[in-house]
Amino acid sequence: MLDATIIAVAAFLAGVLNAVAGGGSFLTFPALVFVGVPPIAANATSTVAVFPGYLSGALGFLPEIKAFDRRELIYFLGLSIAGGIAGAVLLLVTPAELFSFVVPWLLLFATILFALDHKIRDWTRTEAGPTTFGKTAATLAVTTYGGYFNGGLGIVLLSLFSGLGFRDINLMNGLKNALSFILSAASVVTFLLAGIVFLKQAAIMMLAATAGGYVGARIARKMPVQLIRMTVIVIGLGMTFAFWVRA
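The model shown is predicted, which means the values in this text are computed figures rather than measured ones. (Residues numbered from 1 in each chain as written. Predicted model: local features only at pLDDT ≥ 70, side-chain atom pairs only at ≥ 80, totals over all residues. Heavy atoms only, no water.)

1. As for helix H2 (residues 25–34)
Line of reasoning, step 1. Within H2, nine of the 10 residues are buried, which leaves it mostly tucked inside the rest of the structure.
Line of reasoning, step 2. Where H2 terminates, the next one or two residues include Gly-36, which has phi positive at roughly 105 degrees. (Buried < 20%, exposed > 50% of the residue type's maximum accessible area, 1.4 Å probe, protein only. Helix = DSSP H or I, 4+ residues; strand = E, 2+ residues; numbered from the N terminus.)

The following block contains the structure:
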């Protein structure tokens, strides 16, 4: 009962964070490890727990997505499926000891991305997009990262879109959520087929995260965004330190 309470609270707060600023995986993944789920399985289970929220986020920008070039959308979604599966398979073949070693670095990387997201998008912004090869390679790299470790995915995707010459922030957010949902779904199927998802914990967290997302949407209208961002950064740094000590 205590373990169920811990992961439910973590997932609820993750849903709130994802609704208002992102960074929910900073809570779901460590909570699962804390209650005894092995790190690789915890990463997979955390992905299952939070991925439905991406769909509701994408639906919120449905007009922008519908207006986007159909062939271009299919191109991005196809690469998201490929990257999601590739990242999931990469996670499955990563030795547990190696993954435990890289987890603090992945958390730190995601935290830095979150803290510098606006600057990163400015740095990657370009008027002339990359070549077709560069565009495909960059998108595959980002979606593979998302399939392997979900932390900071939204920020990486927004930076990718800036680098590709996108300017409409609503379209960028819509595509970010759509691609996150598709690649996470591909990863989830892979993890389920591999049998490494803790289904009971995933079900509890999915329900809690959904409720948290609803509450977070209301909170977002009242809390200063900067305060929320600082909270996520502090959580990310705290979890990074905790996993470094644990390692």
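2. A short note on empty space enclosed by the protein
Line of reasoning, step 1. Inspection of every chain in the model, using the stated rule, returns one cavity of 30 Å³ or more.
Line of reasoning, step 2. In this structure, the largest cavity spans a volume of roughly 50 Å³.
Line of reasoning, step 3. If you go around the largest cavity, the residues you meet are Ser-25, Phe-29, Asn-43, Ser-46, Thr-47, Val-50, Phe-149, Asn-150 and Gly-151.
Line of reasoning, step 4. Put simply, the parts of the chain that give the lining of the largest cavity at least two residues each are H2 and helix H3 (39–50).
Line of reasoning, step 5. Element by element, the count of residues in the lining of the largest cavity is highest for H3, at four residues. (1 Å grid on protein atoms, 1.4 Å probe; cavity = no way out; pocket = protein on both sides within 12 Å on 5 of 7 lines; lining within 4 Å. Points joined across faces, edges and corners; volume = space filled by probe spheres on them.)

3. Focus: the pattern of salt bridges
Line of reasoning, step 1. Using the criterion set out here, one finds one salt bridge in the structure.
Line of reasoning, step 2. When the shortest N-O distance is used, the salt bridge between Lys-135 and Glu-72 registers 2.2 Å. Taken together, the residues Lys-135 in helix H9 (residues 132–148) and Glu-72 in helix H6 (residues 70–93) connect sequence positions 63 residues apart.
Line of reasoning, step 3. The class of Glu-72 is partly exposed, set by a relative accessible area of 23%. (Salt bridge = Lys/Arg side-chain N within 4 Å of Asp/Glu carboxyl O.)

4. Remarks on the environment of Pro-38
Line of reasoning, step 1. Following the sequence through the fold, Pro-38 ends up in the loop between H2 and H3.
Line of reasoning, step 2. The class for Pro-38 is partly exposed, based on a relative accessible area of 43%.
Line of reasoning, step 3. With 158 residues separating them along the chain, Pro-38 and Ile-196 place their C-alpha atoms 9.6 Å apart.

5. Describing the environment of Leu-183
Line of reasoning, step 1. Topologically, Leu-183 is positioned in helix H11 (residues 169–194).
Line of reasoning, step 2. Residue classification places Leu-183 among the buried positions, given a relative accessible area of 0%.
Line of reasoning, step 3. Placed 37 residues apart in sequence, Leu-183 and Gly-146 show a C-alpha to C-alpha distance of 7.3 Å.
Line of reasoning, step 4. If we ignore the near neighbours within four places in the chain, the residues touching Leu-183 are Ser-80, Gly-84, Thr-143, Gly-146, Gly-147 and Leu-153. (Contact = heavy atoms within 4.5 Å.)

6. Observations regarding H6
In an α-helix, one turn spans 3.6 residues, which is why side chains three or four residues apart end up on the same side.
Line of reasoning, step 1. For H6, built from 24 residues, the straight-helix expectation of 34 Å at 1.5 Å per residue is met to within 8% by its first-to-last C-alpha distance of 35 Å.
Line of reasoning, step 2. On its buried face, H6 sits against H3, helix H5 (62–67), helix H7 (96–115), H9, helix H10 (153–163) and H11.
Line of reasoning, step 3. For H6, the N-terminal capping position is held by Asp-69, with its side-chain oxygen 3.2 Å away from the main-chain nitrogen of Arg-71. (Expected span 1.5 Å × (residues − 1). Polar contact = N/O pair within 3.5 Å; in protein donor to acceptor, adjacent residues only side chain to side chain.)

7. As for the confidence of the model for the protein chain
Low-pLDDT portions of the prediction should not be read for the details of their coordinates.
Line of reasoning, step 1. Looking at the protein chain as a whole, its pLDDT mean stands at 83, while 90% of the residues score no less than 70.
Line of reasoning, step 2. In the model of the protein chain, helix H8 (residues 117–124) stands out as the element of lowest mean pLDDT, 69, in contrast to H6, which has the highest, 94. (pLDDT = per-residue confidence, 0-100.)

8. What about the side chain of Ser-180?
Line of reasoning, step 1. Relative to the assigned elements, Ser-180 resides in helix H11.
Line of reasoning, step 2. Given a relative accessible area of 1%, Ser-180 falls into the buried group.
Line of reasoning, step 3. Here Lys-176 takes part through its backbone oxygen, which lies 2.7 Å from a polar atom of the side chain of Ser-180.
Line of reasoning, step 4. Beyond its immediate chain neighbours, meaning those up to four positions away, Ser-180 contacts Tyr-54, Leu-153 and Leu-157.

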